Every structure is written in C-alpha cells, then in structure tokens.
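Architecture at a glance
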Amino acid sequence: MSKLTEVDPYQEFIRELFHSDDEELSRLQAEAKSEGLPSISIGPEQGKFLQLLVQLTGAKKALEIGVLGGYSGAWIARALPEGGKLIGLELEQKHADFACKQWQRMGLADKIEVRVGPALDTLPDLVDEAPFDLVFIDADKNNYPAYLDFSLKYSRPGTVIVGDNVSMGGSLVDPDRQDSDWVQGMRKFASALSQNGRLASTVVPYSDGLAMAVVK
Ligand code: SAH
Ligand code: MG
C-alpha cells in the first residue's frame, strides 16, 4: 500500500467494516515492505472491488499486467472459481519470486501463473489463452495504450478491462508535469478507453483513480 491509498477517518471506518486485509494479506504487505519492494500496490478497497468484478462477471480467466508482490493478484485469484486462472505479467524477477512465494503460502499457487519480462514481450504469447474475462492493467504507464490494444485483442463481449492510477497522484492534470511520457501514456489510455465505440467505460475514484470498461 502507498500514500495514494491512505484514507480519512470515514474511509478508514468503511475499510475496517468491508474489506480490511486479513492476516495473510497483512503479512504479504509487511514482508513486501521488509524485503524492499516498492509500496505502490492497490489498497484493500480496490482489491475488494476487483473481487466483486470477478464475481459479478463470473470471470474464470484473468490477466494482470504488473504483479509486484502479488497483493492485487491475491484478491483476484481468491475470487476465481475452482479451475479459474490468473496470468500475471511482471518485469522484475524479484517481484515475481516474492509474489509466487506468497501465493504458495496462501494456497493460491495452482490458480496463478507469472510470466517474467517486459509485458510488451510476453503479451504476444498469450494468443492461445484468450479471451480473458477480466484484465487488470497496473504496470508502466507509458505503455498503457499498448496494453489496452492487447486487452481489446484478447477480449470478448463482456470482458472487463481495469486500469489503475489514472490520476497519477495528480500529475495527469498538473500543467507542470505534462512532458512526462507516463503522463502522456495515461492521457492516451484515458482518451482511448473513453472514446472507443466497443467500450462502455468510467473512472471509479478509488484512491488514485481506477478506470474500468466493459467490452460491448
Ligand atoms: N498490481 C500490483 C502493483 C503493481 S506495481 C498490486 O497492486 O499489488 C507495478 C509493477 O509493474 C511493478 O512490479 C513493476 O516491476 C511492473 N512493471 C513495470 N514495467 C513493466 C513492464 N514493462 N512489464 C511488466 N511489468 C512491469
Ligand atoms: Mg497501481
């Protein structure tokens, strides 16, 4: 969890009541911190929201781009039915190893598979796994537009596409930060998501802005 997922007293009340981390998720987060992984995972609100999306859509096959320590992946995988599968794409071997160790301990290992490398290199190999029922994009923001293209290619009507960090901590609309290729990537992604005739989309204001779309 990061500064972006810190909450006010009302939100803290809601978090405690509806979706606070259980012991396993708390331990994952504590160990991620002590092993030096960056504190940039989603918060429990978004984790629960992703779970509800999996349950609402009856998703069996999910794709996550940007695994980090496996926190969001654990929320998603826990909601998948028996025989369900999450494929995670992650650049850093260290992050992938950490996540796999955590999932193993949580009894989720048989539901999740991680492919290590730049997602733009591993995505083309997923043709045979498609279509996915849910895609969660949460990696390098400059490549979000390309990740959206792959998500659409690997979708079917009803596929849900979710993208984290639309606000980018306020950078998206900060006139002094528009030169960044990450900001430009996010702007293109938001524009493509909102304008694509194949998609119905919005941004849920959870923490840093969670974009979501359903393929028509
Ligand atoms: N979804 C995670 C957080 C992901 S943080 C959670 O909420 O728990 C972003 C992750 O994307 C980092 O682990 C980073 O190593 C990874 N990443 C960055 N660039 C990438 C790329 N080009 N391909 C795949 N993963 C990438
Ligand atoms: Mg994120």
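**Focus: the packing of helix H3 (residues 44-57) against helix H4 (residues 71-79)**
- Here H3 crosses H4 at 30°, and the two axes come no closer than 8 Å. Taken together, H3 and H4 sit at an angle that is classed as roughly parallel. Read as a crossing pair, H3 and H4 show a hand that is right-handed. Residue-level inspection shows Pro44, Gly47, Lys48, Leu50, Gln51, Val54 and Gln55 of H3 in contact with H4, the latter providing Tyr71, Trp75, Ile76, Arg78 and Ala79.
- Of the residues contributing to the contact of H3 with H4, the split by class is seven nonpolar, three polar and two charged.

**Considering the confidence of the model for the protein**
- In the predicted model, the protein carries a mean pLDDT of 96, and 98% of its residues have values of at least 70.
- When the elements of the protein are averaged for pLDDT, helix H1 (residues 9-18) gives the smallest value, 93, and strand S1 (residues 61-65) the largest, 99.

**Overview of the coordination of the magnesium ion (ligand 2)**
- Every protein donor of the magnesium ion (ligand 2) is listed here as Asp138 (OD), Asp164 (OD) and Asn165 (OD1), and their distances to the metal cover 2.1 Å.
- Sequence spacing of the donors to the magnesium ion (ligand 2): D-x25-D-N. Here Asn165 lies in the loop between strand S5 (160-164) and helix H8 (181-195) and Asp138 lies in the loop between strand S4 (134-137) and helix H7 (144-153), a separation of 27 residues in the sequence.
- With a relative accessible area of 11%, Asn165 lands in the buried category.

**Here's the deal with the site of ligand 1**
- By nearness alone, 21 residues border ligand 1, and Gly66, Glu90, His95, Ala119 and Asp138 come closest of all.
- Protein contacts shield 90% of the accessible area of ligand 1, which totals 580 Å² for the unbound molecule.
- Of the pockets mapped on this structure, ligand 1 occupies the largest pocket.
- Here the shell around ligand 1 is composed, by residue class, of 11 nonpolar, five polar and five charged.

**Quick look at the packing of aromatic side chains**
- Summed over all chains, the structure comprises five aromatic pairs.
- Judged by centre distance (6.4 Å) and plane angle (75°), the ring pair of Tyr71 and Trp75 falls under edge-to-face. Here Trp75 and Tyr71 lie together in helix H4, a separation of four residues that amounts to about one turn. For the pair formed by Tyr71 and Trp75, the shared burial category is buried.

**Overview of helix H5 (residues 93-105)**
- For H5, which comprises 13 residues, the first-to-last C-alpha distance of 18 Å matches the rise-based estimate of 18 Å (1.5 Å per residue) to within 8%.
- Three or more residues of H5 are buried, namely His95, Ala96, Phe98, Ala99, Gln102 and Trp103. Relative to the axis of H5, the buried residues are bounded by an arc of 165° and lie together on one face.
- Contact partners of the buried residues in H5: helix H2 (23-34), H4, strand S2 (85-90) and strand S3 (112-116).
- The first or second residue beyond H5 is Gly107, which carries a positive phi of 75°.

Cut-offs used in this document
- Residues numbered from 1 in each chain as written.
- Chains lettered and ligands numbered in written order.
- Predicted model: local features only at pLDDT ≥ 70, side-chain atom pairs only at ≥ 80, totals over all residues.
- Heavy atoms only, no water.
- Axes fitted to C-alpha atoms, helices over the stretch in contact; angles between N-to-C directions.
- Helix = DSSP H or I, 4+ residues; strand = E, 2+ residues; numbered from the N terminus.
- Parallel < 35°, antiparallel > 145°, perpendicular 65-115°, else oblique.
- Left-handed = near helix turned anticlockwise from the far one by under 90°.
- Contact = heavy atoms within 4.5 Å.
- Nonpolar A, V, L, I, M, F, W, Y, C, P; charged D, E, K, R; others polar.
- pLDDT = per-residue confidence, 0-100.
- Donors = N, O, S within 2.8 Å, 3.2 Å for Na, K, Ca; no water.
- Buried < 20%, exposed > 50% of the residue type's maximum accessible area, 1.4 Å probe, protein only.
- Near = heavy atom within 4 Å.
- Areas by Shrake-Rupley, 256 points an atom, 1.4 Å probe, with all protein chains shown as cover.
- 1 Å grid on protein atoms, 1.4 Å probe; cavity = no way out; pocket = protein on both sides within 12 Å on 5 of 7 lines; lining within 4 Å.
- Sits in = over half its atoms within 2 Å of the grid points.
- Phe/Tyr/Trp six-rings, centres within 6.5 Å; stacked < 30°, edge-to-face > 60°.
- Expected span 1.5 Å × (residues − 1).
- Arc of directions from axis to C-beta.

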